[in-house]
Amino acid sequence: ISSKTNLASSNMYSLLVSKFGFSKSNDNFDNNKVYEKKINDKDNSKSHTFKLIQSNKGILEIGYVQDSFKPDLYIILSTHKSEAKTKSLSCHISGDWKKGVPPANPNVLRSVYLKLIEMKTKFNLNEYLVTLEVTHHEPYEFNAPSIWVEVGGSEEEWNDLDACKAVCEAVM
């Protein structure tokens, strides 16, 4: 999921569409075309369809996507903001046990985190930290587990296409 109003999110959306083999589907969401890509497991035993959705609302208002989609996992592309404006590639999971929506499988978080470390090296992002968040803001109301993958810092980092590519490669 991407938000048009979130700079890093929009940049990652554009990269996924232009460089990662997503194709237009017949679906629309928020008057935006939905893109998709089929990916096989490493052993080619199972195929998965990834849908790339862009919301017109802010990244913290995207819970309404669940009215139109019910995936196994939501991957939210976003900025990470901190008072220190730390340059970072970050990921975290969220969920709501009380509402019956458990967090994403910790192995998903581990895989993305390790891939972010690998991508930091690949894209020579030496001044970036790779971080895990332990607490998080809403939305929690998704109808499936979610993982947030983010570029942290300021507008300069959110426009750093290498940092955005690193996140895109980590989630793919």
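Look above for the structure.
For the structure given in this document, a descriptive report is provided here. (Residues numbered from 1 in each chain as written. Predicted model: local features only at pLDDT ≥ 70, side-chain atom pairs only at ≥ 80, totals over all residues. Heavy atoms only, no water.)

The number of helices and strands found in the protein chain is four helices and nine strands. Listing every helix and strand of the protein chain by position from the N terminus yields β-α-β-β-β-β-β-β-α-β-β-α-α. Taking 16 Å as the expected radius of gyration for a compact globule of 172 residues, we find that the protein chain reaches 15 Å, a close match to that expectation. Judged by the C-alpha coordinates and their principal axes, the protein chain covers about 40 × 35 × 35 Å. Expressed as a percentage of its 172 residues, the buried residues of the protein chain come to 45%. Looking at the protein chain alone, contacts between residues at least 24 apart form 68% of all its contacts between residues at least 6 apart. Summed over its atoms, the accessible surface of the protein chain is roughly 9200 Å², and 48% of this surface lies on carbon and sulfur atoms. The positive charge centre, built from 21 side chains, and the negative charge centre, built from 22, are 5 Å apart in the protein chain. (Helix = DSSP H or I, 4+ residues; strand = E, 2+ residues; numbered from the N terminus. Rg over C-alpha atoms; globule rule 2.2 N^0.38 Å. Buried < 20%, exposed > 50% of the residue type's maximum accessible area, 1.4 Å probe, protein only. Contact = heavy atoms within 4.5 Å. Areas by Shrake-Rupley, 256 points an atom, 1.4 Å probe, with all protein chains shown as cover. Lys, Arg positive; Asp, Glu negative; His and termini not counted. Charge placed at Lys NZ, Arg CZ, Asp CG, Glu CD.)

Read from one edge to the other, the open sheet built from four strands follows the order β6-β9-β7-β8, with strand pairing classed as mixed. Edge strands, defined here as strands with exactly one partner in the open sheet, are β6 (74-80) and β8 (129-132). Averaged over all adjacent pairs, the angle separating strand axes in this sheet is 20°, with direction ignored. Examined bridge by bridge, strand β7 (residues 88-94) and β8 share four bridges and lie parallel to one another. Bridge pairing links Ser-88 to Leu-129 in β8. Running at roughly 175° to β7, helix α2 (residues 106-122) makes contact with β7, β8 and β9 (146-152) of the sheet. Across the face of the sheet, helix α4 (residues 161-171) comes into contact with β6, β7 and β9 while running at roughly 160° to β9. (Pairing = 2+ DSSP bridges. Axes fitted to C-alpha atoms, helices over the stretch in contact; angles between N-to-C directions.)

A few words now on the nonpolar core. By size, the foremost hydrophobic cluster in this structure holds 31 residues, and its most contacted members are Met-12, Leu-89, Leu-116, Val-149, Val-151 and Val-167. At the level of elements, α1 (7-19), β7, α2, β9 and α4 are the ones that each hand at least two residues to this core. For this core, the element with the most residues is α4, which contributes seven residues. Beyond its immediate sequence surroundings of up to four residues, Met-12 is in contact with Leu-77, Ser-78, Val-149, Val-151, Cys-164, Val-167 and Cys-168. (Core = buried A, V, L, I, M, F, W, Y, C linked by side-chain atoms within 4.5 Å.)

Its 13 residues give α1 an end-to-end C-alpha distance of 18 Å, which sits within 8% of 18 Å, the value for a rise of 1.5 Å per residue. Turning to α1, its buried residues number three or more, namely Ala-8, Ser-9, Ser-10, Asn-11, Met-12, Tyr-13, Leu-15 and Leu-16. Directly after α1, the chain includes Gly-21, whose backbone phi takes a positive value near 75°. (Expected span 1.5 Å × (residues − 1).)

In this section: the side chain of Ser-88. Mapped onto the fold, Ser-88 is located in strand β7. For Ser-88, a relative accessible area of 3% corresponds to the buried category. Ignoring sequence-local partners within four residues, the contact set of Ser-88 consists of His-80, Tyr-128, Leu-129, Thr-131, Glu-150, Val-151 and Gly-152.

A few words now on α2. With 17 residues, α2 extends 24 Å between its outermost C-alpha atoms, agreeing within 8% with the 24 Å of an ideal straight helix rising 1.5 Å per residue. All of the buried residues along α2 are Leu-109, Val-112, Leu-116 and Met-119. Axial view of α2: buried residues confined to an arc of 90°, hence all on one face. Within α2, the exposed residues directed more than 90 degrees away from the buried face are Pro-106, Arg-110, Thr-121 and Lys-122. (Arc of directions from axis to C-beta.)

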